[in-house]
Amino acid sequence: MSVTAAATTPATPATPITRVAAYAAPAPGVPLERTTVPRRRVGPHDVLIDIKYAGICHSDIHQVRDGWGEGIYPMVPGHEIAGVVAEVGADVTRFTVGDRVGVGCMVDSCRVCEHCRNGQEQHCVQGMTGTYNAVGRDGEPTYGGYSTHLVVDENYTVRIPEGLALDVAAPLLCAGITLYSPLRHWKAGPGKKVAVVGLGGLGHMGVKMAHALGAEVTVLSQTLRKEADGRRLGATHFHATGDGTTFEKLAGTFDLILSTVSAPLALDAYLGLLKVDGALVNVGAPEEPVSLNLFSVIGGRKTLAGSMIGGIAETQEMLDFCAEHGLGSEIELIDADHINEAYARVLASDVRYRFVIDTSTI
Ligand code: NAP
Ligand code: ZN
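Small disclaimer: the values here were computed from a predicted structure and weren't measured.

J.: Would you explain helix 4 (residues 175-185) in this entry?
T.: Residues that lie three or four places apart on an α-helix share one face, since the helix turns once every 3.6 residues. Along helix 4, nine of the 11 residues are buried, which leaves the element largely enclosed by surrounding structure. Along helix 4, the positions that sit buried rather than exposed are Ala175, Gly176, Ile177, Thr178, Leu179, Tyr180, Ser181, Pro182 and Leu183. Contacts from the buried residues of helix 4 go to strand 11 (193-197), helix 5 (201-212), strand 14 (254-259), strand 15 (274-282), helix 10 (312-325) and strand 18 (354-358). After helix 4 finishes, the residue Lys187 shows a positive phi value of roughly 60°.

This is the structure we're talking about:
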């Protein structure tokens, strides 16, 4: 354990009083290194989480490289957090010490706007507070899950069901909810043909969940290298997008296409794969803009949409769904000193299918 109380620090609630071990990028594009970061005092509504596992999301890589801009450094990434409650604030009602819990991409929001009230906190009109690379409502920078401990409001904490091991549950907090939410919103289920583009961290959970929801699932991957895995995860069909005939062969096939690709997508080509009234939902967050020929959506009354994670209640629903169907993430568990190596493999589309950090090695 590396929570150290700094006895000399004044005991005001907003003042960080502990420093915890973490891995941080000191500046854009610089390899991550071991450091310590402050955590605030446990407030009345907070829980202190002893982090056990943290998933590595491609969003971590975009952000440490400052690919989306406005990065805050040093940056401790990590928004796929699984751990155990170590302490609860005086007014906490939903958790007790020892509970298995998770934290995803947000740790706060305004709580009063229409979206926060509707359980869509990720669309808070004042902006959700990101788990890292953000400034909290107390004015302090937030630091993510590549760390040993986290203090977070109980309302932004979810329960990890007993049926899910903490290591395979961690990636569900971002990769899981990011695919579950659009699958539910666009009603993936029996009789629906769903394609998942990109078999990485997000994509592999999309395949598992779409299959569990009863849809007929196709993977569209750059090559056929991951075909056996795709079929094992629940896909009935698997096609290489690098094969010149794929787009012609599959024209007009799908009700729903979910793109998880981290690079700009050839939107017109993928829109051509939709049925009339079909939807292409993009969850990948590339660093550059993409172009679109509007005739690609005019003909066939097609929808091009985006989706960002999901609300807190829906995240809990997703975890319960995954526990019920036995859907953990496929992971490669790594020590913290392999984080930079793992980043290189994710960038090479060589992750099978989520790196998860054993935070006891930080
Ligand atoms: P990932 O594990 O790297 O998976 C992305 C997959 O996309 C790769 O495995 C690869 O699959 C495919 N791909 C990569 N580069 C490609 C290219 N140039 N052309 C075509 N396909 C390519 O990443 P991830 O963690 O799943 O995240 C994916 C994206 O979603 C990132 O941009 C991330 O920031 C974003 N994201 C968005 C949200 C949201 O709320 N919207 C949440 C989390 C993450 P194949 O090998 O099968 O081709
Ligand atoms: Zn993520």
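J.: Before we go on, may I ask you to explain unusual backbone geometry in this structure?
T.: A negative phi holds for most residues other than glycine; trans holds for most peptide bonds. The omega torsion across Tyr73 and Pro74 is -5°, close enough to zero to call that bond cis. Within the secondary structure, Pro74 is located in the loop between helix 1 (58-64) and strand 5 (81-88). For the peptide bond that leads from Arg352 to Tyr353, omega is -10°, which places it in the cis range. Structurally, Tyr353 can be placed in the loop between helix 11 (339-347) and strand 18. Backbone geometry places Ser349, a non-glycine residue, at a positive phi of 55°. Topologically, Ser349 is positioned in the loop between helix 11 and strand 18. Overall, the relative accessible area of 25% leaves Ser349 in the partly exposed class.

J.: Just to check I follow, could you spell out the environment of Ala313 for this structure?
T.: With respect to the helices, strands and loops of the structure, Ala313 is situated in helix 10. According to the relative accessible area criterion, Ala313 is exposed, its value standing at 54%.

J.: Explanation requested: the pairing of strand 13 (residues 237-240) in the structure shown.
T.: Two faces belong to every sheet, and in a regular strand the side chains alternate between them. Bridging between strand 12 (residues 216-221) and strand 13 involves four bridges; their strand directions are parallel. The residue bridging Ser221 from the neighbouring strand is Ala240, located in strand 13.

J.: Mind showing me how you'd approach the site of ligand 1 here?
T.: Near ligand 1 you find 29 residues, and of these His58, Leu199, Ser221, Lys226 and Arg354 are the closest. Here an oxygen atom of ligand 1 and a backbone polar atom of Gly201 are 2.8 Å apart. When isolated, ligand 1 has an accessible area of 920 Å², and the protein chains bury 88% of it. For the shell around ligand 1, the secondary structure elements donating two or more residues are helix 1 and helix 5. Sort the elements by how many residues they give to the shell around ligand 1 and helix 1 lands first, with three residues. A breakdown of the residues in the shell around ligand 1 according to their chemical character gives 13 nonpolar, 14 polar and two charged.

J.: What am I meant to see in the sheet that holds strand 14 here?
T.: Through backbone hydrogen bonds, the strands of a sheet pair up, either in parallel or in antiparallel fashion. Strand order in the open sheet formed by six strands is 13-12-11-14-15-16, and the pairing between neighbours is parallel. Here the strands that pair on one side only, and so sit at the sheet edges, are strand 13 and strand 16 (303-306). When strand polarity is set aside, the average angle formed by the axes of neighbouring strands in this sheet is 20°. Sheet topology places strand 14 next to strand 15; five bridges connect them, and they run parallel. Looking at strand 15, one finds that Leu256 is bridged to Ala279. Contacts from helix 4 reach strand 11, strand 14 and strand 15 within the one sheet, and its direction differs from that of strand 14 by about 160°.

J.: Is there a simple way to think about helix 11 in this case?
T.: Within the sequence span of helix 11, burial applies to Ile339, Ala342, Tyr343 and Val346. Take helix 11 and look down its axis: the buried residues cluster within an arc of 105°, on one side only.

J.: Explain the coordination of the zinc ion (ligand 2) here, please?
T.: Ideal geometry at a metal centre gives angles of 109.5 degrees when four donors are arranged tetrahedrally and 90 or 180 degrees when six donors are arranged octahedrally. Surrounding the zinc ion (ligand 2) are the protein donor atoms Cys57 (SG), His79 (NE2) and Cys174 (SG), at 2.0 to 2.2 Å. Read N to C, the donor residues that coordinate the zinc ion (ligand 2) are spaced as C-x21-H-x94-C. With Cys57 in the loop between strand 4 (46-55) and helix 1 and His79 in the loop between helix 1 and strand 5, this residue pair connects regions lying 22 residues apart in the sequence. Taking relative accessible area as the criterion, His79 reaches 7% and is therefore assigned buried.

J.: Explain the packing of aromatic side chains to me, please; I cannot follow it from the model alone.
T.: The description of two aromatic rings rests on the distance between their centres and on the angle between their planes. A full pass over the atoms with the stated rule returns two aromatic pairs. The interplanar angle of 50° and the centroid separation of 5.5 Å between the aromatic rings of Tyr180 and Phe321 together place this pair among those described as tilted. With Tyr180 in helix 4 and Phe321 in helix 10, this residue pair connects regions lying 141 residues apart in the sequence. A residue is classified by how much of its surface remains accessible, and Tyr180, at 1% relative accessible area, is buried. Phe321 sits in the buried class, given a relative accessible area of 10%. With centroids separated by 5.0 Å and ring planes inclined at 85°, the aromatic side chains of Phe247 and Tyr270 adopt a geometry described as edge-to-face. Of this pair, Phe247 sits in helix 7 (residues 246-249) while Tyr270 sits in helix 8 (residues 267-271), and the two are 23 residues apart along the sequence. On the basis of relative accessibility, which here comes to 23%, the residue Phe247 falls in the partly exposed class. On the accessibility criterion, Tyr270 (7% relative accessible area) is buried.

Calculation rules
Residues numbered from 1 in each chain as written. Chains lettered and ligands numbered in written order. Predicted model: local features only at pLDDT ≥ 70, side-chain atom pairs only at ≥ 80, totals over all residues. Heavy atoms only, no water. Buried < 20%, exposed > 50% of the residue type's maximum accessible area, 1.4 Å probe, protein only. Helix = DSSP H or I, 4+ residues; strand = E, 2+ residues; numbered from the N terminus. Contact = heavy atoms within 4.5 Å. Pairing = 2+ DSSP bridges. Near = heavy atom within 4 Å. Polar contact = N/O pair within 3.5 Å; in protein donor to acceptor, adjacent residues only side chain to side chain. Areas by Shrake-Rupley, 256 points an atom, 1.4 Å probe, with all protein chains shown as cover. Nonpolar A, V, L, I, M, F, W, Y, C, P; charged D, E, K, R; others polar. Axes fitted to C-alpha atoms, helices over the stretch in contact; angles between N-to-C directions. Arc of directions from axis to C-beta. Donors = N, O, S within 2.8 Å, 3.2 Å for Na, K, Ca; no water. Phe/Tyr/Trp six-rings, centres within 6.5 Å; stacked < 30°, edge-to-face > 60°.

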